[in-house]
Amino acid sequence: MDFVIAVDGPAASGKGTVAARLARTYELPFLDTGLLYRAVGMGVLDAHGDLDDPNAAEGVARALDAAGLSDDARLTTGEAGEAASRIAGYPGVRAALLDLQQAFAHQPGGAVLDGRDIGTVIAPAAPAKLFVTATPETRATRRWKQLTAKGDDISYEAMLADILKRDERDAGRGAAPMVQADDAVLLDTTDMDIEAAFDAARRIVEAARVRHGF
Ligand code: C5P
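Residues numbered from 1 in each chain as written. Predicted model: local features only at pLDDT ≥ 70, side-chain atom pairs only at ≥ 80, totals over all residues. Heavy atoms only, no water.

Visitor: Please give an account of the pattern of salt bridges that cites residues and values.
Guide: One pass over the full model with this rule turns up 13 salt bridges. Asp52 is the partner of Arg86 in a salt bridge, and the nearest nitrogen-oxygen pair spans 3.2 Å. Of this pair, Arg86 sits in helix α4 (residues 78-87) while Asp52 is found in the loop between α2 (34-46) and α3 (54-62), placing the two residues 34 residues apart along the sequence. For the salt bridge of Arg202 with Asp199, the shortest nitrogen-to-oxygen distance reads 3.7 Å. Within this pair, Arg202 and its partner Asp199 are both found in helix α9 (residues 194-212), separated by three residues, close to a single helical turn. Overall, Arg202 belongs to the partly exposed group, its relative accessible area being 34%. A cluster of three or more residues bridged by salt bridges with shared partners is formed by Glu82, Lys165 and Arg169. (Salt bridge = Lys/Arg side-chain N within 4 Å of Asp/Glu carboxyl O. Helix = DSSP H or I, 4+ residues; strand = E, 2+ residues; numbered from the N terminus. Buried < 20%, exposed > 50% of the residue type's maximum accessible area, 1.4 Å probe, protein only.)

Dropping the structure here:
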């Protein structure tokens, strides 16, 4: 079995930061799978396509070049997150992005992936699974601070509404809904800063390493 660390959870839960730091700590390659969905959503918008059209989104997903996505600042915007969550429920889009994610997860030596369905669909046999969450209000405050620091003009109330809408869409969809895997460890970061969240995450991974002999 490969040393795969699966990190799932809702927007602004801290999962991305925790996953990136775990990858550095264990010297494993890291994939932020949200970027794939963000790139597909923005690809549809760039082509003047309709986010409500599953075929348009699937076409973009099938043609997606995943190289260099982490350098594209446009993908970190609220617009990209919203577009991503609108196309992420299409089964054709998820199928188009499946092989790429599974190949990444199963490369020799292991990997860290973060997303919504890593522990349930992409790498269900991952030996270390975390489900990172926090209250919607805490997540909205975090995301609002991030976006306004970058110059985005958005109110806290609009941010909270956006977070709640994305939670509902991601958890309510039929295809690979966001759900905690049975064997994932829940990490609630509501009252934690990033250091505390990372320490807690590392303890969870260390326990999994002992269990699986990595
Ligand atoms: O994690 P991030 O905020 O970048 O994800 C953007 C959107 O992409 C999510 O709201 C979700 O709809 C979708 N997504 C997904 N499955 C993943 C990763 C992201 O459906 N594994």
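Visitor: Can you break down the environment of Asp52 residue by residue, with the values?
Guide: Classification of Asp52 by relative accessible area gives exposed; the value is 53%. Taking the C-alpha atoms as reference points, Asp52 and Tyr90, 38 residues apart in sequence, are found 9.6 Å from one another. If we ignore the near neighbours within four places in the chain, the residues touching Asp52 are Arg86 and Tyr90. Here the side chain of Asp52 touches Arg86 through a polar contact of 3.2 Å, side chain to side chain. (Contact = heavy atoms within 4.5 Å. Polar contact = N/O pair within 3.5 Å; in protein donor to acceptor, adjacent residues only side chain to side chain.)

Visitor: Requested: an account of the site of the ligand, with residues and values cited.
Guide: In the vicinity of the ligand lie 15 residues, with Arg38, Arg94, Arg166, Asp170 and Arg173 positioned nearest. The separation between an oxygen atom of the ligand and a polar side-chain atom of Arg116 is 2.9 Å. Here a nitrogen atom of the ligand sits 3.0 Å away from a polar atom, N or O, in the side chain of Asp117. Protein contacts shield 98% of the accessible area of the ligand, which totals 450 Å² for the unbound molecule. Contributing elements (two or more residues each) for the shell around the ligand: α2, α4 and α8 (156-172). At three residues, the largest contribution of residues to the shell around the ligand is made by α2. (Near = heavy atom within 4 Å. Areas by Shrake-Rupley, 256 points an atom, 1.4 Å probe, with all protein chains shown as cover.)

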